[in-house]
Amino acid sequence: MTLLEVKNLDAGYGQFQALFDVSLNLKEGEAISVIGANGAGKSTLLKAIAGTVNMNSGDVLLDGQSICDMQPHERLLQGIALVPEGRRIFRSLTVKENLLIGGYSSRSGSWNVASILEAFPILENFIGRDADRLSGGEQQALAIGRALMSNPRVLLLDEVSLGLAPIVVKQLYAALPIIRNKGCALVIVEQDTNQALAASDHTYCMLEGRISLEGKPSELTREQISQAYFGLGAHA
Ligand code: ATP
């Protein structure tokens, strides 16, 4: 059953249009990925779903109901949580304090400090440590954990792997099946195509603000993906 639907979305920043006629579907418990080069519009799409970017036209629906008129905090209470690019954790607060703040506007559910630490063992020994003393990977785990504390139905993940060593990325991605098993659907935005395709049931590729390709990762060829990603042959 469809949980989240984006329909013919146009959005941007003031006069600048960043998204053109973007549509996608996310089913309950599903993981979809959105891939594309720098500036393709991936982050803008996540922000439009979370309500932090103005839409020009189109619709965003949760359980078939439009949420376009809702503020970001209202969308969070409806179950849409964003892990923004760059993490934006509270660096002067401890790991535990960051997590507790994430639970402040919370729906009921099974995520709490203990279950976050189970999903992200790399945080276990640092619960009382100031967040600015964490490594990049630990900070990313904390950013995801903080979003999970709101007990979301949809988790929007923006560039989880950015700037992190492959082994750390592997540790972070290992938590995604645990999150899905708890009933949370995922929208994974990545420039790292391999990582995104491996972690998702369906992928959307963006190019210059539009969806240039979509499909099941197992059914798309490397050639189709690189054409849609880089726009090669698009004007041939
Ligand atoms: P990246 O991986 O570099 O973040 P992206 O695919 O997420 O790329 P967006 O960040 O969504 O792309 O950017 C889409 C377009 O919107 C780009 O042309 C970008 O320059 C522009 N843009 C992004 N943020 C703003 C902003 N705050 N004000 C104006 N333009 C913006």
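Located above this text is the structure these notes cover.
Nothing here was measured: the structure is a model prediction, and the numbers come from that model. (Residues numbered from 1 in each chain as written. Predicted model: local features only at pLDDT ≥ 70, side-chain atom pairs only at ≥ 80, totals over all residues. Heavy atoms only, no water.)

J.: Help me understand the sheet that holds strand 1 (residues 2-13) in this model?
T.: Hydrogen bonding along the main chain pairs the strands of a sheet, whether they run parallel or antiparallel. One open sheet accounts for four strands, arranged 2-1-4-5; its pairing is antiparallel. Either end of the sheet is taken by a strand with one partner, and the two such strands are strand 2 (16-27) and strand 5 (65-66). Taken together, the six bridges between strand 1 and strand 4 (residues 55-62) define a ladder with antiparallel strand orientation. When the bridges of strand 4 are listed, Val6 appears paired with Val60. Across the sheet, helix 1 (residues 42-50) is in contact with strand 1, strand 2 and strand 4; its angle to strand 1 comes to roughly 115°. (Pairing = 2+ DSSP bridges. Helix = DSSP H or I, 4+ residues; strand = E, 2+ residues; numbered from the N terminus. Contact = heavy atoms within 4.5 Å. Axes fitted to C-alpha atoms, helices over the stretch in contact; angles between N-to-C directions.)

J.: Hey, could you run me through the site of the ligand in this one?
T.: Around the ligand, 14 residues are found, and the nearest of them are Asn38, Gly39, Lys42, Ser43 and Thr44. Note that an oxygen atom of the ligand is positioned 2.7 Å from one of the backbone N or O atoms of Gly39. Ser43 is positioned with one of its side-chain polar atoms (N or O) 2.8 Å from an oxygen atom of the ligand. Here the ligand, which alone exposes 630 Å², has 63% of that area covered by the protein. Those elements that place two or more of their residues in the shell around the ligand are strand 2 and helix 1. Ranked by the residues each element gives to the shell around the ligand, the list is headed by helix 1, at three residues. (Near = heavy atom within 4 Å. Polar contact = N/O pair within 3.5 Å; in protein donor to acceptor, adjacent residues only side chain to side chain. Areas by Shrake-Rupley, 256 points an atom, 1.4 Å probe, with all protein chains shown as cover.)

J.: For this particular structure, what's the right way to read helix 3 (residues 95-102)?
T.: Because an α-helix packs 3.6 residues into every turn, residues spaced three or four apart end up facing the same way. Listed as buried for helix 3 are Val95, Asn98, Leu99 and Gly102. Buried residues of helix 3, seen end-on, are gathered within an arc of 95° and therefore sit on one face of the element. For helix 3, the elements touching its buried residues are helix 4 (113-119) and helix 5 (136-148). (Buried < 20%, exposed > 50% of the residue type's maximum accessible area, 1.4 Å probe, protein only. Arc of directions from axis to C-beta.)

J.: What is the right way to look at the packing of aromatic side chains in this model?
T.: How two aromatic rings sit relative to each other is given by the distance of their centres and the angle of their planes. With the rule as written, the count across this model stands at one aromatic pair. Taking the ring centre of Trp111 as reference, the NZ or CZ of Lys182 above it sits at 4.9 Å. (Phe/Tyr/Trp six-rings, centres within 6.5 Å; stacked < 30°, edge-to-face > 60°. Lys NZ or Arg CZ within 6 Å of the ring centre and 35° of its normal.)

J.: Could you clarify how one ought to interpret the side chain of Ser161 in this entry?
T.: Within the fold, Ser161 resides in the loop between strand 7 (154-158) and helix 6 (166-173). Given the relative accessible area of 10%, Ser161 is considered buried. A distance of 2.7 Å separates polar atoms of two side chains, one belonging to Ser161 and the other to Glu190. Those residues in contact with Ser161 that sit more than four places away from it in its chain are Val169, Glu190 and Asp192.

J.: When you look at the packing of helix 3 against helix 5 in this model, what are you seeing that I'm missing?
T.: Describing two packed helices takes the angle between their axes plus the distance from one axis to the other. The contact between helix 3 and helix 5 brings their axes to 7 Å, and the two run at 30°. Handedness of the crossing formed by helix 3 with helix 5: right-handed. The residues of helix 5 that touch helix 3, namely those facing Val95, Asn98, Leu99 and Gly102, are Leu142, Gly145 and Arg146. (Left-handed = near helix turned anticlockwise from the far one by under 90°.)

J.: What is the right way to look at unusual backbone geometry in this model?
T.: For residues that are not glycine, phi is negative in most cases, and the peptide bond is trans in most cases. With phi around 55°, Glu159 is a residue other than glycine that occupies positive phi space. Positive phi is not limited to glycine here, since Glu208 has a value of about 50°. Here Glu208 shows up in the loop between strand 9 (202-207) and strand 10 (210-215). Residue Glu208 is classed as exposed on the basis of its relative accessible area, which comes to 62%.

J.: In this structure, what is going on with the pattern of salt bridges? I would like to understand it.
T.: Oppositely charged side chains can form a pair if their charged atoms are brought close together. Inspection of the entire model under this criterion finds four salt bridges. The salt bridge involving Glu30 is made with Lys27; its shortest N-O contact spans 4.0 Å. For Glu30, a relative accessible area of 10% puts it in the buried group. A residue is classified by how much of its surface remains accessible, and Lys27, at 44% relative accessible area, is partly exposed. Via salt bridges that share partners, Glu28, Asp63 and Arg153 belong to a single interconnected network. (Salt bridge = Lys/Arg side-chain N within 4 Å of Asp/Glu carboxyl O.)

J.: It is not clear to me how the environment of Cys68 should be interpreted in this structure. Could you clarify?
T.: Within the fold, Cys68 resides in the loop between strand 5 and helix 2 (72-77). On the basis of relative accessibility, which here comes to 23%, the residue Cys68 falls in the partly exposed class. Counting along the chain gives 19 residues from Cys68 to Ile49, while the straight-line C-alpha distance between them is 8.5 Å. When residues no more than four places from it in sequence are discounted, the contact partners of Cys68 are Met55, Gly58, Asp59, Val60 and Arg75.

J.: Explain the sheet that holds strand 10 here, please?
T.: The six strands lie next to each other as 6-7-8-3-9-10, forming an open sheet whose pairing is mixed. The sheet is open, and its two edges are formed by strand 6 (80-83) and strand 10, each paired on a single side. Shown here is a sheet whose adjacent strand axes are inclined to one another by a mean of 20°, direction ignored. The pairing of strand 7 with strand 8 (residues 185-190) spans five bridges and is parallel. Bridge pairing links Leu157 to Ile188 in strand 8. Strands strand 3 (31-36), strand 9 and strand 10 of the sheet are contacted by helix 9 (residues 222-230), whose axis makes an angle of about 40° with strand 9.

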